[in-house]
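# An overview of the molecular structure
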Amino acid sequence: MNHPLRDLVQEAFAPLGVLARATDHFSPRQGQTDMALAVADVVAHGGSLVVEAGTGVGKTFAYLVPALLSGERVLLSTATKALQDQLYARDLPRLVQALNLPVRLALLKGRSSYLCTHRMEMARRDTQIPDRHTVHLLSRVETWSLSTRTGDLAELPGLDERSPLIPLITSNRENCLGSQCPKFKTCHVNAARREALGADVVVINHHLFFADMAVRETGMAELLPSVRVVIFDEAHQLNEVGVNFLGHQLGTAQLLDVTRDMLATGLQLARGLADWQGVCSGLERAARELRLMGGKRHSAVKLRWTEEVPEGIHQGAWEQSLQDVGAACVQALQALDTVSEIAPDFMRLHDRVAEVAKRVDAFLNPCAPDAVRWVDISASQMRLMEAPLDIAETVRERLMKQPAMVASEEEDQEPPPWQDEPSFEEAPASHDASSFDAAFPLRPVEDTRPRSWIFTSATLGDDPRLRWFTEPCGLESATVLRVSSPFDYPAQASLFVPRDIVRPNDPAHSAQVAVLASDAVRRLGGRTLVLTTTLRALRAIGDAMKQQLEGSGIEVLVQGEWPKRHLMERFREGSKAGEGGCVLVASATFWEGFDVPGDALQLVIIDKLPFPPPNDPLVEARSKRLEAQGRSPFNDYFVPEAVVALKQGAGRLIRTESDQGVLVLCDNRLVTTGYGRRLIAALPPMRQLQTSEALAQSLDALSQDFISRASTTTF
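Since we're looking at a predicted model, the values are computed, not measured.

Calculation rules
- Residues numbered from 1 in each chain as written.
- Predicted model: local features only at pLDDT ≥ 70, side-chain atom pairs only at ≥ 80, totals over all residues.
- Heavy atoms only, no water.
- pLDDT = per-residue confidence, 0-100.
- Contact = heavy atoms within 4.5 Å.
- Helix = DSSP H or I, 4+ residues; strand = E, 2+ residues; numbered from the N terminus.
- Salt bridge = Lys/Arg side-chain N within 4 Å of Asp/Glu carboxyl O.
- Buried < 20%, exposed > 50% of the residue type's maximum accessible area, 1.4 Å probe, protein only.
- Core = buried A, V, L, I, M, F, W, Y, C linked by side-chain atoms within 4.5 Å.
- Phe/Tyr/Trp six-rings, centres within 6.5 Å; stacked < 30°, edge-to-face > 60°.
- Lys NZ or Arg CZ within 6 Å of the ring centre and 35° of its normal.
- Expected span 1.5 Å × (residues − 1).
- Axes fitted to C-alpha atoms, helices over the stretch in contact; angles between N-to-C directions.
- Parallel < 35°, antiparallel > 145°, perpendicular 65-115°, else oblique.
- Left-handed = near helix turned anticlockwise from the far one by under 90°.
- Nonpolar A, V, L, I, M, F, W, Y, C, P; charged D, E, K, R; others polar.
- Pairing = 2+ DSSP bridges.
- Patch = residues over 30% accessible without salt bridge, like charges linked within 9 Å, V, L, I, M, F, W, Y side chains within 5 Å.
- Areas by Shrake-Rupley, 256 points an atom, 1.4 Å probe, with all protein chains shown as cover.

With that out of the way, let us pick up the confidence of the model for the chain. Of the residues in the chain, 90% reach a pLDDT of 70 or more, and the chain-wide mean stands at 86. Across residues 217–225 the pLDDT falls below 50, and counting only partners more than four positions away or on other chains, this stretch makes 38 contacts in the model.

Have a look at this one:
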């Protein structure tokens, strides 16, 4: 399958090629070259490619080099905004310079990542800002807003993404005023979109990709550039992200948000023209009554919604509560109708309330086929959820069958569309295609080649066809490539499974994990990550380790006590030579995307096998579907899910060719069951430690080596 792009890629990755000449620390790796050539073939001819590339392969360069050398327009989607920033600010500029290519890059995030100056001014006049700290933060944001070019809130240090200020100074699809906004000409979101339209490579994230797809179905113009080459990095998250966006939901927090905005806007812009207090209190009361249907909850729970009503809730009361929300929406719409001409804010509020009423009607009707409903309840809110079981149909019908589109030559000669039609929100009514096509008319590419789809991650399953990933993503016909890690795991890493620990369902399990972890941390001097599968275990193990390590000089960091960025920075700093040492106890997002190469992390402890919760409504529905197909939910769903999550967690340990470390899995099912052996086989081939004494010796050796190298560096 020879073609010019393949030859260019082969030369770039050669021992004396352009990457070796222009990039520091580059060394040819056969696995990386194999992956790059496979990507080049798909880019050149179209189709879909799924690549599992083990840690250390260098998959980022393996897909970026052929994509850049192809000259095609590329859409690159990552799992998180942090990975977006890394690609856009570090990896892509380095390669563009090394390859000496005239490539225009753009970074595009969701609305909530950008400052909305109109809403910032509204917040300044809002008398309901919760506390003085938030008022102080708002003042900092206002000062920063005078100098920022992009408006990306990631530029502002110290602004926690969980801050209550964020929704007050950012817009979303529901409250954005579009071209009617008084700050439209300086809108950071639209500026980012304009840059994306003119770019050769646009870096987005999976959430934005699916959010845009969902919005297009409603005729709204959430913009993503039309391209021929689409690459999904960290693709193992794709199905779950897509499922969240392709269903629909209704949340009491969403109702309270629109109520707050309606009250503030009504009192500021149309005081006395409607009974804003009465209308808003009615909608707020209906929202709170709906939340109370779920009872008092001190922790988050999910209620099955098997028939017309969630479990444990009386059907008549449930329907009446939803109808009360709908009736309150009708009253709000009537009030907004009387002032719709006064300001564009009221028209957008009308759209938001109408959308809520539409969702109420949807949840009063039966669930869509091949979908599942449930209710998420926390101490503060309730969310009604409906989602498809996977994204397979969407991928097959709405992605793979669409031809690539480019602007025609005649259209390229016209002035930019936003000069005549100032809003991406307002597509011309004469077009009935997607909103992007309506605002920016396109035609199929002349050579009619199909799009090229590349999906890659370090963990996509444990069988040759990677069915865990390809089946729910509708990619059964894709070309599949598995590239092993180049790391020498038997020499670099050890695996220990304590045989005498109690089973994970034993109440004493977390306490025993904490004792084992504390003893190991003392020997190593910190430099440890403890990963838990539940928040309950997180709190139990974190609290116990704080007590057991008190006075040791080792700092115990626990997820939730600080923002994630602060925890990561503190862990890296605290694990340097001369510090007392750090241990981080974490769950959820720290299982992946937490990259600590070198000596700062040499011990990873995982409390138990990360099986999906069997009573989760989505998990239950997927299991029943497999049973109906005559398949085993445990072997075909639960074990592959655990494999992928376990490989992600274990992947935190060895990040470079020189790293050394120990992985401890505190679940003896790994050595007492058949599926445990399957899970171990899916991990990198680490040497196995059979006894606690062997574990202690390995940790002592790592500690002595660390001290020796630290003293050599010091002197």
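By the element assignment, Pro486 lies in the loop between strand 13 (479–483) and helix 21 (489–492). Considered as a pair, Pro486 and Gly56 are 430 residues apart in the sequence and their alpha carbons are 6.2 Å apart.

This brings us to the pattern of salt bridges. Two side chains that carry opposite charge are able to pair once their charged atoms sit near each other. Overall, the coordinates contain 40 salt bridges when judged by the stated rule. Note that Lys109 and Asp85 form a salt bridge whose closest N and O atoms lie 2.9 Å from each other. Remark: Asp85 occurs in helix 5 (residues 81–99) and Lys109 occurs in the loop between strand 3 (105–107) and helix 6 (117–124); sequence separation between them is 24 residues. On the basis of relative accessibility, which here comes to 4%, the residue Lys109 falls in the buried class. When the shortest N-O distance is used, the salt bridge between Arg304 and Glu311 registers 3.2 Å. Members of the salt-bridge network, linked through shared partners, are Arg119, Asp257, Arg260, Asp261 and Arg352.

In terms of nonpolar packing, the biggest core is built from 44 residues, with Val50, Phe209, Phe455 and Phe469 touching the most fellow members. Judged by nonpolar contacts, the second largest core, of 40 residues, contains Ala12, Ala36, Val57 and Ile231.

Quick look at the packing of aromatic side chains now. Evaluation of the coordinates by the stated rule reveals 16 aromatic pairs. Aromatic side chains Phe232 and Trp453 sit 6.4 Å apart centroid to centroid with 5° between the ring planes, which places their arrangement in the stacked category. Of this pair, Phe232 sits in strand 5 (residues 229–232) while Trp453 is found in strand 12 (residues 452–457), placing the two residues 221 residues apart along the sequence. Three or more aromatic residues joined by ring pairs form one cluster here, namely Phe209, Phe210, Phe232, Trp453, Phe455 and Phe469. Here Arg373 stacks its cationic end above the ring of Trp305, 5.1 Å away from the centre of that ring. Arg527 extends its terminal NZ or CZ atom over the ring of Phe706, reaching a point 3.8 Å from the ring centre.

Moving on: the side chain of Asp345. Counting through the fold element by element, Asp345 comes out in helix 15 (residues 344–364). If we skip the residues at most four places from it in the chain, Asp345 touches His118, Met122, Leu177, Thr265 and Leu269.

A few words on helix 3 (residues 30–45). A rise of 1.5 Å per residue sets the reference length of helix 3, with its 16 residues, at 22 Å; its end C-alpha atoms lie 23 Å apart and thus fit the reference within 8%. Summarising burial for helix 3: 12 of the 16 residues are buried, a large majority. Within helix 3, the full set of buried residues consists of Gln32, Thr33, Met35, Ala36, Leu37, Ala38, Val39, Ala40, Asp41, Val42, Val43 and Ala44. Contacts made by the buried residues of helix 3 are with helix 1 (4–12), strand 1 (47–53), helix 4 (59–69), strand 5, strand 12 and strand 13. Phi turns positive one or two residues past the end of helix 3, at Gly46, with a value near 85°.

Bringing unusual backbone geometry into the picture now. Positive phi is not limited to glycine here, since Asn100 has a value of about 55°. One can find Asn100 in the loop between helix 5 and strand 3. Of the residues examined, Asn100 reaches a relative accessible area of 67% and is grouped as exposed. Although it is not a glycine, Ala588 adopts a positive phi angle of roughly 50°. Among the structural elements, Ala588 can be located in the loop between strand 17 (582–586) and strand 18 (603–606).

Contact geometry of helix 13 (residues 276–292) with helix 14 (residues 315–337) gives a least axis separation of 9 Å together with a crossing angle of 160°. Taken as axis vectors, helix 13 and helix 14 run roughly antiparallel relative to one another. In the crossing of helix 13 with helix 14, the sense of the turn from one axis to the other is left-handed. Taken together, the residues of helix 14 that come into contact with helix 13 (itself represented by Trp276, Val279, Gly282, Leu283, Ala286, Glu289 and Leu290) are Trp318, Ser321, Leu322, Asp324, Val325, Ala328, Cys329, Gln331, Ala332, Ala335 and Leu336. Classifying every residue of the contact of helix 13 with helix 14 by side-chain character gives 13 nonpolar, three polar and two charged.

Let us now look at the pairing of strand 9 (residues 382–388). The two faces of the sheet receive side chains in turn, since in a regular strand these alternate between them. Buried residues dominate strand 9, accounting for six of its seven residues. Alignment of strand 6 (residues 248–251) against strand 9, held across four bridges, turns out to be antiparallel. Looking at strand 9, one finds that Gly251 is bridged to Arg383. Here seven bridges tie strand 8 (residues 371–377) to strand 9, and the two strands are oriented antiparallel to one another.

Our next topic: a nonpolar patch on the surface. Judged by side-chain polarity, Leu269, Leu273 and Ile342 come together as a nonpolar surface patch covering roughly 260 Å² of accessible area. Within the secondary structure layout, Leu269 lies in helix 12 (residues 252–269). Of the residues examined, Leu269 reaches a relative accessible area of 35% and is grouped as partly exposed.

Turning to the pairing of strand 19 (residues 661–665), a few remarks are in order. Counting buried positions along strand 19 gives five out of five residues, so the element sits mostly inside the fold. Neither face of strand 19 is left uncovered, since the one carrying Gly661, Leu663 and Leu665 and the one carrying Val662 and Val664 both have all their residues buried. When strand 14 (residues 493–496) meets strand 19, the two strands line up parallel, connected through four bridges. Paired with Ser494 across the strands is Val662, a residue of strand 19. Of the strand pairs in this sheet, strand 18 and strand 19 are connected by four bridges, and their pairing is parallel. The partner of Ile605 across the bridge, within strand 19, is Val664.

For Ala387, the position within the fold is in strand 9. Through-space distance from the C-alpha of Ala387 to that of Asn244 is 6.5 Å; in sequence the pair is 143 residues apart. Setting aside residues up to four positions removed in sequence, Ala387 forms contacts with Val243, Gly247, Ala371, Val372 and Trp374.

This part takes up the sheet that holds strand 6. One open sheet accounts for four strands, arranged 6-9-8-7; its pairing is antiparallel. At either margin of the open sheet sits one strand with a lone partner, and together these are strand 6 and strand 7 (301–304). When the angles between neighbouring strand axes are averaged without regard to direction, this sheet yields 20°. Two strands pair when backbone bridges link them, and strand 7 and strand 8 are joined in this way by four bridges, in the antiparallel orientation.

To continue, consider the packing of helix 3 against helix 4. Two numbers describe how helix 3 lies on helix 4: the axes approach to 8 Å, and their chain directions differ by 35°. Crossing of helix 3 against helix 4: the hand is right-handed. Note on element contacts: helix 4 touches helix 3 through Lys59, Phe61, Ala62, Tyr63 and Pro66, opposite Gln32, Met35, Ala36, Val39 and Ala40. In terms of residue class, the contact of helix 3 with helix 4 is built from eight nonpolar, one polar and one charged.

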